[in-house]
Amino acid sequence: MKIEIVPIDLETLIKSKSLLESSYVGQLDMADEIEYFKSANHAGWFVALDEGKPAGFIRQFIIVDGESRGEIFVLENRLDVAELLAKAFINSFNPTQRTRVSFVFRSADAIAKVFKKCGLAQAVEEFLSYIYPVENSPTELQEGVHLGRIEEAEEIKKALSGLVDRPIEQLKIAIAEQRVFVLKESGKVLAASECRFSESKAEIVTLAVKDAYRSKGLGTRLLKGIVALCEKRNVPMVHAVCRESNIAAQRMNVKAGFERDKGRDEEWLISFFGPDDK
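Note that the coordinates shown come from a computational prediction; the quantities given were computed from them, not determined experimentally. (Residues numbered from 1 in each chain as written. Predicted model: local features only at pLDDT ≥ 70, side-chain atom pairs only at ≥ 80, totals over all residues. Heavy atoms only, no water.)

> Help me understand the environment of S18, please; the structure alone is not making it clear to me.
In this fold, S18 is placed in helix 2 (residues 17–24). Taking the C-alpha atoms as reference points, S18 and P54, 36 residues apart in sequence, are found 9.5 Å from one another. (Helix = DSSP H or I, 4+ residues; strand = E, 2+ residues; numbered from the N terminus.)

Structure representation (structure tokens):
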């Protein structure tokens, strides 16, 4: 039976639960995915159906300044599906709405070769890993740092907007799950961060300081506060990743007490395209 590429709807998203879990390596709360689906722009979202069953899907997330980032999930060894999804995505690209779309892969990922075959430009960047062993190096709570609150969602969204444009409902879910941390002074949210948690660690997903308050040590204070709050939650390690080119982030991690973990450094392949490439 011919593989069918169709726009993702709520029904096919729910059917793709096992595919998502295999990609994220772990049990997935579909309630989060459904809430995000309801609030997201679905342009560039496609699912591949093989005999009516999801064999892969592709989607993009709007970030800032006309740039968006994407994810692709396919069943193991289904590079034929990856190619069909990539082509559907490229054909749907609207250069008046997006100037660039980026997909991030591990450099060894065979899907990256499929994207190259489809004509996507490529770049390689080095990412550096930092860890804070909470159990061995406890730190003090930082003044003004606390878990994000629902009533602060709009302020937190603005603080993060320089890095990621999060739909407000998705952000509220992260706040409710106690994965968002803020630094607040004089009643204003000046810096914010979102983390992912597992049994073994907390991972800094994003951390941003408002433009007017940068170079004042607020990012370092927020990082230290996150470590202290993780200690209270018995999280043994905090992990942060930054680009090799981001010297400011590297310095911030070191000032906050993080250590380089070269064993976790990974090279990622970033495939992207803009209107001139389509």
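> Sorry if this is basic, but what is going on with the side chain of H146 here?
Following the sequence through the fold, H146 ends up in strand 7 (residues 145–147). Side chain to side chain, H146 and R149 meet in a polar contact 3.3 Å long. In terms of polar contacts, H146 uses its side chain to reach the side chain of E152, at 3.1 Å. In this view, H146 contacts E152, V180, F181, V182, K184 and L229; residues no more than four positions away in its chain are not counted. (Polar contact = N/O pair within 3.5 Å; in protein donor to acceptor, adjacent residues only side chain to side chain. Contact = heavy atoms within 4.5 Å.)

> I keep staring at the nonpolar core and nothing clicks. Help me out?
In globular proteins that are soluble, nonpolar side chains generally tend to be buried together. Within the largest apolar cluster, 29 residues are counted, with the highest numbers of intra-cluster contacts made by I204, L222, L223, I226, V238 and F258. Secondary structure elements with two or more residues in this core: strand 6 (121–133), strand 8 (180–185), strand 9 (188–197), strand 10 (202–209), helix 8 (218–232), strand 11 (237–243) and helix 9 (247–255). Every residue in contact with V238, bar those within four places of it in the chain, is listed here: Y130, I131, Y132, V134, A202, I204, V227, C230 and F258. One finds F46, A55, V74 and A88 within the second-largest nonpolar core, a separate group that totals 22 residues. (Core = buried A, V, L, I, M, F, W, Y, C linked by side-chain atoms within 4.5 Å. Buried < 20%, exposed > 50% of the residue type's maximum accessible area, 1.4 Å probe, protein only.)

> What is the right way to look at the pattern of salt bridges in this model?
A side chain with one charge may pair with a side chain of the opposite charge, provided their charged atoms come close. What the rule picks out here adds up to 15 salt bridges. The residue E152 makes a salt bridge to R149 at a minimum N-O spacing of 3.4 Å. In this structure R149 comes out as partly exposed when scored by relative accessible area, which is 39%. Two residues, E185 and R221, come together in a salt bridge whose shortest N-O distance is 2.7 Å. On the criterion of sequence distance, the pair formed by E185 in strand 8 and R221 in helix 8 is long-range, its members being 36 residues apart. On the accessibility criterion, R221 (22% relative accessible area) is partly exposed. (Salt bridge = Lys/Arg side-chain N within 4 Å of Asp/Glu carboxyl O.)

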